[in-house]
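Residue-level structure breakdown
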Amino acid sequence: MPAYTTDAFVLRRLHYGETDNILTLYARDRGRFSAIAKGARKAISRLSGATEVLTLTRFGLASGRSLEIVTQVEVQDSFPNLRHDLLRLAHGLYLADLVDHSTEEHAPNPLLFDLLHAGLTLLQSVTPPELVARWFEVQLLRDLGYAPNLYECAVCHAPVPGPFGPDERFALSAALGGALCPRHARPASHDDHSGLSYEALALLQTLDAPEQGTGETLEHLALPNAKGLGEARLALRRSLRFRLERDLKSLEFLDSLRPV
Ligand SMILES: [Zn+2]
């Protein structure tokens, strides 16, 4: 049985049999793959903490017939501040879900691994946590090769906001992969057009700026009001749904925590 070591995030964990867990792992050098943690649900198991979802663990693994087998674990980062804040935790699960569903098995993507690491680290402290999720979505779309063009209208190529003032309404089209100027934004009559206020568009542009690559200055961003944040959320969600061709389960949980 060939054995090796790799650092991986636990994206998902499923009960299997009496005491085992099947883990979905995401490793920097191996991408996404599944492994079995035998006996991890026994009360005395040394595997249980290190195989919690959203933990970064150094795994010793052996190649089994159909699944990798966990032989050793050493926690690298457990992101403790996510564990006692339900809203932060729910956002963390959403990031893990996005990585799970936007990747192929055994397709390493070090940029995405680093993005997840940065996202979970930022989620421990940035307020509001949803700002980290918006940042992550923008970076993820870029990483997948689907970065929307947020600087000119996808129909007429006019610069946005360009000459349009703060009272104008813009939009993001998931299908066209870009922003729409006030002349071409028709969110009321067109399902694919997600309406954006001037401030919501500015937030998306800021999150997309090269200096936001690491997210280090997220904490200091000027935020739109709650309505603008909601518009940015819906626009990015629709863009991701269009690209991933699915809704994510973790979103239902997140939405259930949001005040109506
Ligand atoms: Zn236009």
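Quick caveat, the model's predicted, so the values are computed rather than measured. (Residues numbered from 1 in each chain as written. Predicted model: local features only at pLDDT ≥ 70, side-chain atom pairs only at ≥ 80, totals over all residues.)

1. Notes on the pairing of strand β5 (residues 68-77)
Across 2 bridges, strand β3 (residues 31-37) lies against β5 in parallel orientation. Paired with alanine 35 across the two strands is glutamate 68, which belongs to β5. In the sheet, strand β4 (residues 56-63) pairs with β5 via 8 bridges, with the strands oriented antiparallel. If you follow arginine 58 over to β5, its bridge partner there is glutamate 74. The turn joining β4 and β5, which pair antiparallel and follow one another in sequence, is formed by 4 residues. (Pairing = 2+ DSSP bridges. Helix = DSSP H or I, 4+ residues; strand = E, 2+ residues; numbered from the N terminus.)

2. Some thoughts on the nonpolar core
In terms of nonpolar packing, the biggest core is built from 65 residues, with Phe9, Leu25, Leu95, Leu116, Phe170 and Ala179 touching the most fellow members. The biggest single contributor to this core is helix α2 (residues 86-101), with 8 residues. Each of domain 1 (3-78) and domain 2 (81-148 + 178-257) contributes no fewer than three residues to this core. Beyond its immediate chain neighbours, meaning those up to four positions away, alanine 179 contacts Pro148, Asn149, Leu150, Cys153, Ala154, Val160, Phe170, Leu172 and Leu201. (Core = buried A, V, L, I, M, F, W, Y, C linked by C-beta atoms within 7 Å. Buried ≥ 20, exposed ≤ 12 C-beta atoms within 10 Å, placed from the backbone. Domains from an automatic or database assignment. Contact = placed C-beta atoms within 7 Å.)

3. Side note on the domain arrangement of the protein chain
Each assigned domain of the protein chain is listed here: domain 1 (3-78) and domain 2 (81-148 + 178-257). One C-alpha centre belongs to domain 1, the other to domain 2, and the line joining them spans 27 Å. At the level of secondary structure, the elements contributing two or more residues to the side of domain 1 that touches domain 2 comprise β1 (3-16), β2 (20-27) and β3.

4. Digging into the packing of α2 against helix α3 (residues 110-123)
Two packed helices can be described by the angle between their axes and the distance between those axes. Orientation of α2 relative to α3, taken along the N-to-C sense of each, is 175°, at an axis distance of 10 Å. With respect to α3, the element α2 is oriented roughly antiparallel. From α2, Arg88, His91, Gly92, Leu95 and Val99 reach across to α3, where they touch Leu112, Leu116, Gly119, Leu120 and Leu123. Class assignment of the residues belonging to the contact of α2 with α3 gives a composition of 6 nonpolar, 3 polar and 1 charged. (Axes fitted to C-alpha atoms, helices over the stretch in contact; angles between N-to-C directions. Parallel < 35°, antiparallel > 145°, perpendicular 65-115°, else oblique. Nonpolar A, V, L, I, M, F, W, Y, C, P; charged D, E, K, R; others polar.)

5. Side note on the sheet that holds strand β8 (residues 193-197)
Spatially, β7-β6-β8 is the arrangement adopted by the 3 strands of the open sheet, whose pairing is antiparallel. Edge positions in the sheet fall to β7 (178-180) and β8, since each of these pairs with one other strand and no more. Sheet twist, expressed as the average angle between the axes of neighbouring strands with direction ignored, equals 35°. Pairing analysis gives 5 bridges linking strand β6 (residues 169-173) to β8, with the strands arranged antiparallel.

6. Side note on the environment of aspartate 143
Relative to the helices and strands, aspartate 143 resides in helix α4 (residues 129-143). Aspartate 143 sits in the partly exposed class, given 16 other C-beta atoms within 10 Å. Note: C-alpha distance between aspartate 143 and leucine 111 (32 residues apart in sequence) is 7.6 Å. Apart from residues no more than four positions distant in its own chain, aspartate 143 is found in contact with Leu111, Leu112 and Leu115.

7. Brief notes about the pairing of β2
Here β1 pairs with β2 via 8 bridges, running antiparallel. Among the inter-strand pairings, alanine 8 is bridged to a residue of β2, identified as alanine 27. Across 7 bridges, β2 lies against β3 in antiparallel orientation. Within β3, the residue paired with leucine 23 across the bridge is alanine 35. The turn joining β2 and β3, which pair antiparallel and follow one another in sequence, is formed by 3 residues.

8. Re unusual backbone geometry
Proline 128 follows threonine 127 through a cis peptide bond whose omega is -5°. On the secondary structure map, proline 128 appears in the loop between α3 and α4. Across the junction of valine 160 and proline 161, the peptide omega takes the value -5°, indicating a cis bond. Backbone geometry at leucine 54 places phi at a positive 70°, although glycine is not the residue there. In this structure, histidine 106 is a non-glycine residue whose phi angle is positive, near 60°.

9. Some thoughts on the sheet that holds β2
Across a sheet, strands are paired by hydrogen bonds formed along the backbone, either parallel or antiparallel in direction. Within the closed barrel, the 5 strands sit side by side as β1-β2-β3-β5-β4. Their pairing is mixed. For this sheet, the mean inter-axis angle between neighbouring strands, taken without regard to orientation, is 50°. Along the sheet, α2 contacts β1, β2 and β3; its crossing angle with β1, the most-contacted strand, is approximately 110°.

10. Let's talk about the packing of α4 against helix α6 (residues 226-244)
Where α4 contacts α6, the two axes come as close as 10 Å, and the packing angle between them is 35°. Read as a crossing pair, α4 and α6 show a hand that is left-handed. Between α4 and α6, the contacting residues are Glu130, Arg134, Glu137, Val138 and Leu141 on the first element and Leu229, Ala232, Arg233, Leu236, Ser239 and Leu240 on the second. (Left-handed = near helix turned anticlockwise from the far one by under 90°.)

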